[in-house]
Amino acid sequence: MASMAELDGHMMMDKTLYNGALKWMYAMAVATFISATFIRAPYGRHSRHGWGSSISPRLAWFLMESPTVWMSAILFPYGRMSSNPTSQILLMAFLAHYIHRTCIYPLRMRPGSKPYPISIAAMGFIFNIYNTYLQIRWISHYGIYTAGWLGSPKFLVGLLVFITGMIINMWADSVLLSLRRGSEGYKIPRGGLFQYVSCPNYLGEMVEWLGWAVMTWSFAGLSFFLYTAANLGPRAAAHHDWYHKQFPQRYPKSRKVIIPFVY
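Conventions we followed
Residues numbered from 1 in each chain as written. Predicted model: local features only at pLDDT ≥ 70, side-chain atom pairs only at ≥ 80, totals over all residues. Heavy atoms only, no water. Helix = DSSP H or I, 4+ residues; strand = E, 2+ residues; numbered from the N terminus. Rg over C-alpha atoms; globule rule 2.2 N^0.38 Å. Buried < 20%, exposed > 50% of the residue type's maximum accessible area, 1.4 Å probe, protein only. Contact = heavy atoms within 4.5 Å. Areas by Shrake-Rupley, 256 points an atom, 1.4 Å probe, with all protein chains shown as cover. Lys, Arg positive; Asp, Glu negative; His and termini not counted. Charge placed at Lys NZ, Arg CZ, Asp CG, Glu CD. Axes fitted to C-alpha atoms, helices over the stretch in contact; angles between N-to-C directions. Nonpolar A, V, L, I, M, F, W, Y, C, P; charged D, E, K, R; others polar. Phe/Tyr/Trp six-rings, centres within 6.5 Å; stacked < 30°, edge-to-face > 60°. Lys NZ or Arg CZ within 6 Å of the ring centre and 35° of its normal. Arc of directions from axis to C-beta. Polar contact = N/O pair within 3.5 Å; in protein donor to acceptor, adjacent residues only side chain to side chain. Patch = residues over 30% accessible without salt bridge, like charges linked within 9 Å, V, L, I, M, F, W, Y side chains within 5 Å. Salt bridge = Lys/Arg side-chain N within 4 Å of Asp/Glu carboxyl O.

1. Let's talk about the overall build of the chain
Stage number 1. For the chain, the helix and strand inventory stands at eight helices and two strands.
Stage number 2. Counted from the first residue to the last, the chain has its helices and strands arranged as α-β-α-α-α-β-α-α-α-α.
Stage number 3. Relative to the 2.2 N^0.38 estimate, which gives 18 Å for 263 residues, the radius of gyration of the chain is 20 Å and therefore close to what a compact globule would have.
Stage number 4. Put simply, the chain has 263 residues, and 48% of those count as buried.
Stage number 5. Considering only contacts in the chain between residues 6 or more positions apart, those separated by 24 or more positions represent 83%.
Stage number 6. Entry remark: accessible area of the chain is about 13400 Å², with carbon and sulfur atoms responsible for 71%.
Stage number 7. Of note, the chain has its 23 positive side-chain charges centred 15 Å away from the centre of its 9 negative side-chain charges.

2. Focus: the packing of helix α3 (residues 67-75) against helix α4 (residues 85-108)
Stage number 1. Remark: α3 packs on α4, axes separated minimally by 9 Å, with the N-to-C direction vectors making an angle of 145°. Facing α3, whose interface residues are Thr-68, Val-69 and Ser-72, α4 presents Leu-91, Phe-94, Leu-95, Tyr-98, Ile-99 and Thr-102.
Stage number 2. Across the contact of α3 with α4, the residue classes break down as six nonpolar, three polar and no charged.

3. Section: the packing of aromatic side chains
Stage number 1. Following the criterion strictly, the structure yields 22 aromatic pairs and no others.
Stage number 2. Aromatic side chains Tyr-186 and Trp-242 sit 5.0 Å apart centroid to centroid with 70° between the ring planes, which places their arrangement in the edge-to-face category. Of this pair, Tyr-186 sits in the loop between α6 (153-180) and α7 (200-216) while Trp-242 sits in helix α8 (residues 219-246), placing them 56 residues apart in sequence.
Stage number 3. Here Trp-209 and Trp-212 contribute two aromatic rings whose centre-to-centre distance is 6.0 Å and whose plane-to-plane angle is 80°, an arrangement assigned as edge-to-face. Here Trp-209 pairs with Trp-212, and both are found in helix α7, just three residues apart, close to one helical turn.
Stage number 4. An aromatic cluster is present here, built from Phe-94, Tyr-98, Phe-127, Phe-162, Trp-209, Trp-212, Phe-224 and Tyr-227 joined pairwise through their rings.
Stage number 5. A cation over a ring is seen here: Lys-15 above Tyr-142, with NZ or CZ 4.3 Å from the ring centre.

4. Some points on helix α2 (residues 57-65)
Stage number 1. Regarding α2, the residues found buried are Pro-57, Ala-60, Trp-61, Met-64 and Glu-65. Buried residues in α2, looked at end-on, bunch into an arc of 105°, giving them a common side.
Stage number 2. Against β1 (54-55), α3, α4, β2 (116-117) and α5 (118-142) lie the buried residues of α2.
Stage number 3. One side-chain oxygen of the residue at the start of α2 lies 3.2 Å from the amide nitrogen of Arg-58, identifying that residue as Ser-56.

5. Section: the side chain of Asn-131
Stage number 1. Examined against the element boundaries, Asn-131 turns out to sit in helix α5.
Stage number 2. Residues contacting Asn-131, with those up to four places away along its chain left out, are Met-25 and Phe-224.

6. Comments concerning a nonpolar patch on the surface
Stage number 1. Judged by side-chain polarity, Val-30, Phe-33, Ile-34, Phe-38 and Ile-39 come together as a nonpolar surface patch covering roughly 540 Å² of accessible area.
Stage number 2. Tracing the backbone shows Phe-33 in helix α1 (residues 4-38).
Stage number 3. Assessed through its relative accessible area of 44%, Phe-33 is described here as partly exposed.

7. Observations concerning unusual backbone geometry
Stage number 1. The phi torsion at Trp-217 lies on the positive side, around 45°, for a residue other than glycine.
Stage number 2. Judged by relative accessible area, Trp-217 falls into the exposed class, the value being 52%.
Stage number 3. The backbone of Phe-261 shows a phi angle near 70°, a positive value even though the residue is not glycine.
Stage number 4. Summarising the element assignment, Phe-261 is placed in the segment after α8.

Structure (structure tokens):
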């Protein structure tokens, strides 16, 4: 059996690894914002040659999002707070998003959608391993949540924001998927938040992870929100420009990029 000194050493190594990975997440957010501002990821409407072999977008989405599910199942039980009801509820919220994103969303995609570069799917796969480690290790091991946390304003407000963002995200995805069903071309989405912004699906996801940052009240949650904004903000701007070029006369001039009335 391992001695107390060995156990303490392992715990210190784990803590050092975790803190280092968390710092890199913030650095990655900055690097991602810069790169995404100047380079449009080549999938969907921005698909283009030169990024290597491609696979079905359904398979790509399933594979690159899947680490969030199986890594959660592997990591969570080994955390010292895994039996904490608050930690378990936070896990349920995390998985609610990612089970939908991994298993349900790909099946709703239109058959025959543009191929997805393996290189981009691989980057998404690696990021999801990395981020799942940060989020799940926090809620299962390093985050200390008392019995009263579920009734605290931080948790309740965060949960409300998270659910609101998830509803917006799923609704916007449904609108976009319905426009592409049975059609080879793109159309202008209308109604609801599409009256105000070009990408309410991205807005919803950003709102979700803002809620996550609040309900976990953690640097891990905050890093994920900042990374999501750094990634989806420039992507939304690229979509907005694309719409204006694709529909120069018909696209609403008053529609903002991602934040109603602001940007």
